[in-house]
Amino acid sequence: MIELQNISVEHGGIRALNSVSVSIAAGEITALAGQNGSGKSTLLGVIAGTQEHRGIAERRAGARIAFVVQRSAVPHSLPLTVHEVVSMGRWAHRAPWRPLTRTDREIVADSVAALGLQALERRPLHELSGGQRQRALVAQGLAQRAEILLLDEPAAALDDEARGLIDLAIAREARRGAAVVHATHDAAVIVAADRVIRLDAGRLVAS
Ligand SMILES: Nc1ncnc2c1ncn2[C@@H]1O[C@H](COP(=O)(O)OP(=O)(O)OP(=O)(O)O)[C@@H](O)[C@H]1O
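Residues numbered from 1 in each chain as written. Predicted model: local features only at pLDDT ≥ 70, side-chain atom pairs only at ≥ 80, totals over all residues.

The protein appears in an unreviewed UniProt entry as ABC transporter ATPase from Conyzicola nivalis.

Right, dumping it as structure tokens:
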């Protein structure tokens, strides 16, 4: 699904990625591991197409990407409800200004339920706790039903129940055929993954 060859990235003189080559399969959970600053977020950005880089990054033609960023990357004060945030996940499937179809609404409801957010669905994001907001962002990622699902430490600071819901939802995405790339520090998630990519100071150490 994803093919990276000799990817290098510099952030203002700092080598964040150093000649990383890796291929990532559909239908699998790939854990992206490594210490703080090892280059995980940068690699997700390269795959998502938002990070300038040297080298070749290719993905299967037509594959859509859903990118669940860390909640710190999203303004807390967005005047949107949980329902609206998750519904935004369907926008890529709609022509401009078309209302959501019944299927879209079912997928939104399914994604809200997958993260246990039913009771919070009509609440504005800025009234939620950090962990609840993070769950809403993951639900938005699920609602996209993308071929590639990228997650940047989605379970950081979440309670055990929410972590469990995320793990189940991600496993379901992989069974559906998506290539899931999950940046995480959680040893249990790394052990359970189909594949582990480990970065150390921008270099690939195992894959
Ligand atoms: N916008 C930026 N400007 C300058 N340097 C950056 C920028 N973003 C990242 N870096 C540097 O690039 C390196 C890789 O950072 P990256 O965020 O990819 O690491 P990470 O593995 O995701 O870390 P964490 O586990 O803390 O999320 C680090 O040395 C970091 O300081």
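Some remarks on the pairing of strand S7 (residues 179-183)
Burial runs high along S7: 5 of the 5 residues are buried. By the alternation rule, side chains of S7 split into Ala179, Val181 and Ala183 and Val180 and His182, which are all buried. Where strand S3 (residues 29-33) lies against S7, 4 bridges are found, and the strand directions are parallel. Bridged to Ile29 within S7 is Val180. (Buried ≥ 20, exposed ≤ 12 C-beta atoms within 10 Å, placed from the backbone. Helix = DSSP H or I, 4+ residues; strand = E, 2+ residues; numbered from the N terminus. Pairing = 2+ DSSP bridges.)

Points about the site of the ligand
For the ligand, the full set of nearby residues is His11, Gly12, Ile14, Ala16, Gly34, Asn36, Gly37, Ser38, Gly39, Lys40, Ser41 and Thr42. Those elements giving two or more residues to the shell around the ligand turn out to be strand S2 (14-24) and helix H1 (40-48). Residue contributions to the shell around the ligand peak at 3 residues, all from H1. Residue classes in the shell around the ligand are distributed as 2 nonpolar, 9 polar and 1 charged. (Near = placed C-beta within 6 Å. Nonpolar A, V, L, I, M, F, W, Y, C, P; charged D, E, K, R; others polar.)

Details of helix H4 (residues 130-143)
Taking 1.5 Å of rise per residue, 14 residues should cover 20 Å, and H4 covers 20 Å from first to last C-alpha, within 8% of that figure. Among the 14 residues of H4, 10 are classified as buried, and the element is accordingly described as predominantly covered. Looking only at H4, the buried set comprises Gln134, Arg135, Ala136, Leu137, Val138, Ala139, Gln140, Gly141, Leu142 and Ala143. On the buried face of H4, the contacting elements are strand S5 (65-68), helix H2 (82-87), helix H3 (102-114), strand S6 (148-152) and helix H5 (160-175). Once H4 ends, the next one or two residues include Arg145, with phi positive near 45°. (Expected span 1.5 Å × (residues − 1). Contact = placed C-beta atoms within 7 Å.)

Focus: the confidence of the model for the protein
As a general rule, the predicted coordinates of low-pLDDT regions are not to be interpreted in detail. Taken over all residues, the pLDDT of the protein has a mean of 92, while the share at 70 or more is 95%. At the level of individual helices and strands, the protein shows its lowest average pLDDT in strand S9 (residues 203-206), which scores 88, and its highest in S7, which scores 98. In the predicted complex, the global pTM is 0.93; the interface-specific ipTM is 0.94. (pLDDT = per-residue confidence, 0-100.)

Some details on the sheet that holds strand S1 (residues 2-11)
Pairing is antiparallel in the open sheet, where 3 strands are placed in the order S2-S1-S4. Among the strands making up the open sheet, the edge pair consists of S2 and strand S4 (54-59). Each strand axis lies, on average, 20° off the axis of its neighbour in the sheet, ignoring direction. Summarising the sheet, S1 and S4 pair through 5 bridges and their orientation is antiparallel. Bridge pairing in S4 links Leu4 to Ala57. (Axes fitted to C-alpha atoms, helices over the stretch in contact; angles between N-to-C directions.)

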